[in-house]
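# Residue-level structure breakdown
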Amino acid sequence: MQQQRCPDCGVTMEEVDFRVSGFETPQIVTGESREGLLGRLGVDEHKDLTTVMCPECGLVRHYADFEE
């Protein structure tokens, strides 16, 4: 992932761990069906998130990588 700059402070945001109680890894559901058997069963595609935080103001952003 390329470096992200804070829109408020202009400093480089740092990657941080983001945790959600009860889940292993935060993910988003794209709504696109998976390939193969899981897709035929109606299982949707999931994308992992990268979380970055501004060390100056504390702004947190989540990014999903959609490039293949």
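All values reported here derive from a predicted model rather than from experimental measurement. (Residues numbered from 1 in each chain as written. Predicted model: local features only at pLDDT ≥ 70, side-chain atom pairs only at ≥ 80, totals over all residues. Heavy atoms only, no water.)

### Side note on the overall build of the protein
Here is the rule we go by: In this description a helix means any DSSP run of H or I spanning at least four residues, a strand means any run of E spanning at least two, and both kinds are numbered starting from the N terminus. Each residue's exposure class comes from its accessible area (1.4 Å probe, protein chains only) as a fraction of the maximum for that residue type: buried when under 20%, exposed when over 50%, partly exposed otherwise. Here, residues are in contact when the closest pair of their heavy atoms is within 4.5 Å. In these tables, accessible area is a Shrake-Rupley quantity obtained with a 1.4 Å probe, and a residue counts as shielded only by the protein chains included in the view.
Looking only at helices and strands, the protein features one helix and four strands. Helices and strands appear in the protein in the N-to-C order β-β-α-β-β. The 68 residues of the protein split such that 13% are buried. Residue pairs in contact within the protein that sit at least 24 positions apart in sequence constitute 40% of those at least 6 positions apart. When the accessible surface of the protein is split by element, carbon and sulfur atoms take 43% of a total near 5500 Å².

### Describing the environment of Met13
By secondary structure assignment, the location of Met13 is in the segment before strand S1 (14–16). Measuring from C-alpha to C-alpha, the distance between Met13 and Glu56 comes to 8.9 Å, with 43 residues separating the pair along the chain. Here Met13 is in contact with Gln4, Arg5, Cys6, Val52, Met53, Cys54, Pro55, Leu59 and Arg61, once residues within four sequence places are set aside.

### Section: the environment of Tyr63
Stated precisely, the cut-off is as follows: Pairing of N or O atoms within 3.5 Å defines a polar contact, subject to two protein rules: one partner must be a possible hydrogen donor and the other a possible acceptor, and residues neighboring in sequence count only if both atoms are side-chain atoms.
For Tyr63, the location among the structural elements is in strand S4 (residues 60–64). A relative accessible area of 22% means that Tyr63 is categorised as partly exposed. Taking the C-alpha atoms as reference points, Tyr63 and Asp48, separated by 15 residues in sequence, lie 8.5 Å from one another. Leaving out residues up to four positions away in the same chain, Tyr63 has contacts with Met1, Gln4, Asp48, Leu49, Thr50 and Val52. Looking at Tyr63, its side chain comes within polar contact range of the side chain of Gln4, at 3.3 Å.

### Examining the confidence of the model for the protein
What counts, and what does not: Confidence of the predictor at the level of single residues is given by pLDDT, which spans 0 to 100.
Here the protein averages 79 in pLDDT, while 65% of its residues score no lower than 70. Predicted confidence in the protein is weakest over strand S2 (residues 27–33), with a mean pLDDT of 65, and strongest over S1, with 90.

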